[in-house]
2 protein chains.
Amino acid sequence: MPEAASAPTAPRATIGDSEFDRDTALTLREAGVYDIDLSAGWTIISAVNGGYLLAVLGRALADALPHGDPFTISAHYLTASQPGPAVVRTDVVRTGRTLSTGTASLFQYDEQGREIERIRVLASYGDLGSLPDDVRTTAEPPAIPPMDHCFGPEDGPAPVDGSSAIADRLMLKLDPSTLGWALGQPSGKGEMRAWFGLADGRDADPLSLLLAVDALPPTAFEIGISGWVPTVELTVHIRCRPAPGPLRVSITTRNLAGGFLEEDAEVWDSADRLVAQSRQLARVRLG
Amino acid sequence: MPEAASAPTAPRATIGDSEFDRDTALTLREAGVYDIDLSAGWTIISAVNGGYLLAVLGRALADALPHGDPFTISAHYLTASQPGPAVVRTDVVRTGRTLSTGTASLFQYDEQGREIERIRVLASYGDLGSLPDDVRTTAEPPAIPPMDHCFGPEDGPAPVDGSSAIADRLMLKLDPSTLGWALGQPSGKGEMRAWFGLADGRDADPLSLLLAVDALPPTAFEIGISGWVPTVELTVHIRCRPAPGPLRVSITTRNLAGGFLEEDAEVWDSADRLVAQSRQLARVRLG
């Protein structure tokens, strides 16, 4: 497999044949039960990215349910996942004509080999291709400078910590106006904006949108909080199959209170469609 | 407390002794399983209100889990509930020191007496009283006129359909600037704002906030859509125990596309705290 990554001369990876597809691939053990080896390629410091994990669970449900696209998927993060063996157990709650609902759980193993639940998911799936074309969106795409005015980990030792493996898998170009934290001058506004893609050039699909909503640095950094911000719960609505090309992701926090905050993400595609909306509740752990 | 409510001479109901408390009360059948007779008092036309149903499920989980307050609760609505007998089955997913996670399902019965699942819930609970007092919210309370400049069902045959039983249980005063739909002149903006309380004067608590986020007319009305807007999924974050007094509820829709829309609700208490945030995915059924 001739690895592409950010090398401009490498061939572009395609949907179905890319790092993301290989690292979310599941092996069917028995009906509704899937094995996977969680890749170390999607870690931030030592934690496995929550969006990558959601994509793994989302892919299992796409297989287990009669519909293939996550319309709304909620994940509660119970314990921290580690790279290595895991099992996904799915359960069909209801199948309907246009929507079906199911649950999925990701388990890993303790030293005695007992299963420990990492994440519990509840989701309703449908067929994005069957939806009518009407769009009456009043939301506007985020104001974000052209990509060559934005900054990624390859643009210097700052602003993004290069020690995280996930940085090599993503094409992430941050809006400089939300990068004050990296220079020691957080804006105080809970906003983060970026161009987003996969480093090997694979275009976006509904499953990779589950990764896109949780791939930017925490908005808490721009509020001046530098600790860990673990996700308690993340819900994503996938509203449209994304057009090819880079995505724009905007994340906003308005309510930091009582040691918790929400992060609202919007993902816009190259055709100016709002393709995903998400909200997470995260905990602030002061560093 | 000889305070007002809608009937000035009636004594105010209190938390624990009110219509809402009686109609969400569950009878323990066995560990984790609860019976309830769903009240016809919370119906809109013939449908049982989704927020009332979420409060029933939320109350069951508050009993079943070691923590009593819903921090984040996600409900997927599977089939339409009717007034009458129902059973709630809960399952504890994980109990931690500060958060515990569980699932709950509401079932009713078909003509053969078989259980039909109505709603599936996944939630993480904690103790709101244990949270620190820090608030760094940039969100602003909604701009809504004083209550005596707003309109409820008692102010005339329009604007709110008085045939819905729930109208008698709520103190709902709608901002006239989001009432154009009732006069045949929807603004085209997906916004709805109201003062909210319980008609018998019971103050708000975390469980009644689950009702508050889903009690206003659909934002779709102001976009000019008059059909039914059934909820597919509703997630609520309860962020603070509400202060006594009426609540302000603001609901916004920005993305109506492909026959689906999101409704984002904010609930503010009398102390200007953002006490709840919710988002739902709803389906547009053109009337």
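Residues numbered from 1 in each chain as written. Chains lettered and ligands numbered in written order. Predicted model: local features only at pLDDT ≥ 70, side-chain atom pairs only at ≥ 80, totals over all residues. Heavy atoms only, no water.

Caption draft 1: Layout of empty space enclosed by the protein. Per the stated rule, a full pass over the model turns up three cavities of 30 Å³ or more. The volume enclosed by the largest cavity comes to roughly 50 Å³. Taken together, Glu233, Thr235, His237 and Arg279 of chain A together with Glu233, Thr235, His237, Ser278 and Arg279 of chain B make up the full set of residues lining the largest cavity. Elements represented by at least two residues in the lining of the largest cavity include exactly β11 (231–238) of chain A together with β11 (231–238) and β15 (274–283) of chain B. Taken as a whole, the second largest cavity encloses approximately 40 Å³ of empty space. (1 Å grid on protein atoms, 1.4 Å probe; cavity = no way out; pocket = protein on both sides within 12 Å on 5 of 7 lines; lining within 4 Å. Points joined across faces, edges and corners; volume = space filled by probe spheres on them. Helix = DSSP H or I, 4+ residues; strand = E, 2+ residues; numbered from the N terminus.)

Caption draft 2: A look at unusual backbone geometry. All names here are of chain A. Backbone geometry places Ile45, a non-glycine residue, at a positive phi of 50°. In this structure, Ile45 sits in the loop between β3 (43–44) and β4 (47–48). Judged by relative accessible area, which is 58%, Ile45 ranks as exposed. Look at Asp272: it is not a glycine, yet its phi comes out positive at around 65°. Position of Asp272 among the secondary structure elements: in the loop between β14 (260–268) and β15 (274–283). (Buried < 20%, exposed > 50% of the residue type's maximum accessible area, 1.4 Å probe, protein only.)

Caption draft 3: Looking closely at the side chain of Thr24 of chain B. With respect to the secondary-structure elements, Thr24 of chain B resides in the loop between α1 (19–23) and β1 (27–30). Reaching out from Thr24 of chain B, the side chain makes a polar contact with the backbone oxygen of Asp21 of chain B at a distance of 3.4 Å. (Polar contact = N/O pair within 3.5 Å; in protein donor to acceptor, adjacent residues only side chain to side chain.)

Caption draft 4: Representation of the relation of the copies chain A and chain B in the model. When chain A is fitted to chain B, the best match, at an RMSD of 0.0 Å, comes from turning it 180° and sliding it 0.0 Å along the axis. Within this description, the copies of the chain are treated as partners about a two-fold rotation axis. By residue overlap, the copies meet face to face through one surface: 100% of the interface positions of chain A are interface positions in chain B. (Least-squares fit on C-alpha atoms with pLDDT ≥ 70 in both. Contact = heavy atoms within 4.5 Å.)

Caption draft 5: The arrangement of the packing of aromatic side chains in detail. Residues and elements named next belong to chain B. Evaluation of the coordinates by the stated rule reveals eight aromatic pairs over all chains. Centroid distance Phe20 to Trp42: 6.0 Å. Interplanar angle 80°. Geometry classified as edge-to-face. Placement of Phe20 in helix α1 and of Trp42 in the loop between β2 (33–38) and β3 (43–44) is noted, with a sequence separation of 22 residues between them. Like Trp42, Phe20 is buried. Above the ring of Phe107, the side-chain terminus of Arg89 is found at 6.0 Å from the ring centroid. (Phe/Tyr/Trp six-rings, centres within 6.5 Å; stacked < 30°, edge-to-face > 60°. Lys NZ or Arg CZ within 6 Å of the ring centre and 35° of its normal.)

Caption draft 6: Just the UniProt feature "domain: Acyl-CoA thioesterase-like N-terminal HotDog" (unreviewed entry) in chain A, in detail. Per the UniProt record, "domain: Acyl-CoA thioesterase-like N-terminal HotDog" (unreviewed entry) is found at residues 39–125 of chain A. Between the C-alpha atoms that bound residues 39–125 of chain A there is a distance of 25 Å. The span itself is 17% helix and 53% strand. (UniProt positions renumbered as here; feature names shortened; annotations may be inferred.)

Caption draft 7: Spatial organisation of the interface of chain A and chain B. Of the residues lining the interface, 54 residues belong to chain A; the matching set on chain B comes to 54 residues. Of the roughly 4,600 Å² buried at the junction of chain A and chain B (both faces included), carbon and sulfur atoms supply 50%. At the boundary of chain A with chain B, the tally comes to four salt bridges. Residue Asp264 of chain A is joined to Arg279 of chain B by a salt bridge in which the shortest nitrogen-to-oxygen separation is 3.7 Å. One can count 40 residue pairs in polar contact (both at pLDDT 80 or more) joining chain A with chain B. For the side of chain A that touches chain B, the secondary-structure elements that each account for two or more residues are β5 (69–77), β6 (84–95), β7 (100–109), β8 (115–126), β11, β13 (256–257), β14 and β15 of chain A. In terms of residues, the side of chain A that touches chain B owes the most to one element, β15 of chain A, which gives seven residues. Here the side of chain A that touches chain B is built from residues that sort into 20 nonpolar, 19 polar and 15 charged. (Buried area = accessible area lost by both parts, 1.4 Å probe. Salt bridge = Lys/Arg side-chain N within 4 Å of Asp/Glu carboxyl O. Nonpolar A, V, L, I, M, F, W, Y, C, P; charged D, E, K, R; others polar.)

Caption draft 8: Highlighting helix α2 (residues 50–64) of chain A. Residues and elements named next belong to chain A. The terminal C-alpha atoms of α2, which comprises 15 residues, lie 21 Å apart, in line with the 21 Å expected from a rise of 1.5 Å per residue. In terms of burial, α2 is a largely internal element, eleven of the 15 residues being buried. Looking only at α2, the buried set comprises Gly50, Gly51, Tyr52, Leu53, Leu54, Ala55, Val56, Leu57, Gly58, Ala60 and Leu61. N-capping of α2 is provided by Asn49, with a side-chain oxygen placed 2.8 Å from the backbone N of Gly51. (Expected span 1.5 Å × (residues − 1).)

Caption draft 9: Seen up close, the domain arrangement of chain A. Residue and element names in this part refer to chain A. In terms of domain boundaries, chain A breaks down into domain 1 (19–128) and domain 2 (147–283). Of note, the centres of domain 1 and domain 2, computed from C-alpha atoms alone, are 21 Å apart. In this assembly, 30 residues from domain 1 lie in contact with 28 residues from domain 2. Carbon and sulfur atoms make up 57% of the area that domain 1 and domain 2 hide from each other, which totals about 2,500 Å². Ranking the residues of domain 1 by area buried against domain 2 places Glu19, Phe20 and Leu128 at the top, with a combined share of 23%. The interface formed by domain 1 and domain 2 includes four salt bridges. A salt bridge links Arg202 to Asp21; the nearest nitrogen and oxygen atoms lie 2.7 Å apart. Viewed at the interface, domain 2 and domain 1 are joined by 15 residue pairs in polar contact (both at pLDDT 80 or more). Of all the secondary structure elements, the ones that give two or more residues to the side of domain 1 that touches domain 2 are α1 (19–23), β3, α2 and β5. Tallying contributions element by element places β5 first for the side of domain 1 that touches domain 2, with nine residues. (Domains from an automatic or database assignment.)

Caption draft 10: Molecular detail of the confidence of the model for chain A. For chain A, per-residue confidence averages 92 on the pLDDT scale, and residues scoring 70 or more make up 93% of the total. Across residues 1–5 of chain A the pLDDT falls below 50, and counting only partners more than four positions away or on other chains, this stretch makes eight contacts in the model. (pLDDT = per-residue confidence, 0-100.)

Caption draft 11: Representation of the pairing of β11 of chain B. Residues and elements named next belong to chain B. Counting buried positions along β11 yields eight of eight residues, so the element is predominantly enclosed. Of the pairings in the sheet, the one linking strand β5 (residues 69–77) to β11 comprises five bridges and is antiparallel in character. For Ser74, the partnering residue across the bridge sits in β11 and is Thr235. Pairing of β11 with β15, which is carried by seven bridges, proceeds in the antiparallel orientation. Bridge pairing in β15 links Leu234 to Gln280. (Pairing = 2+ DSSP bridges.)

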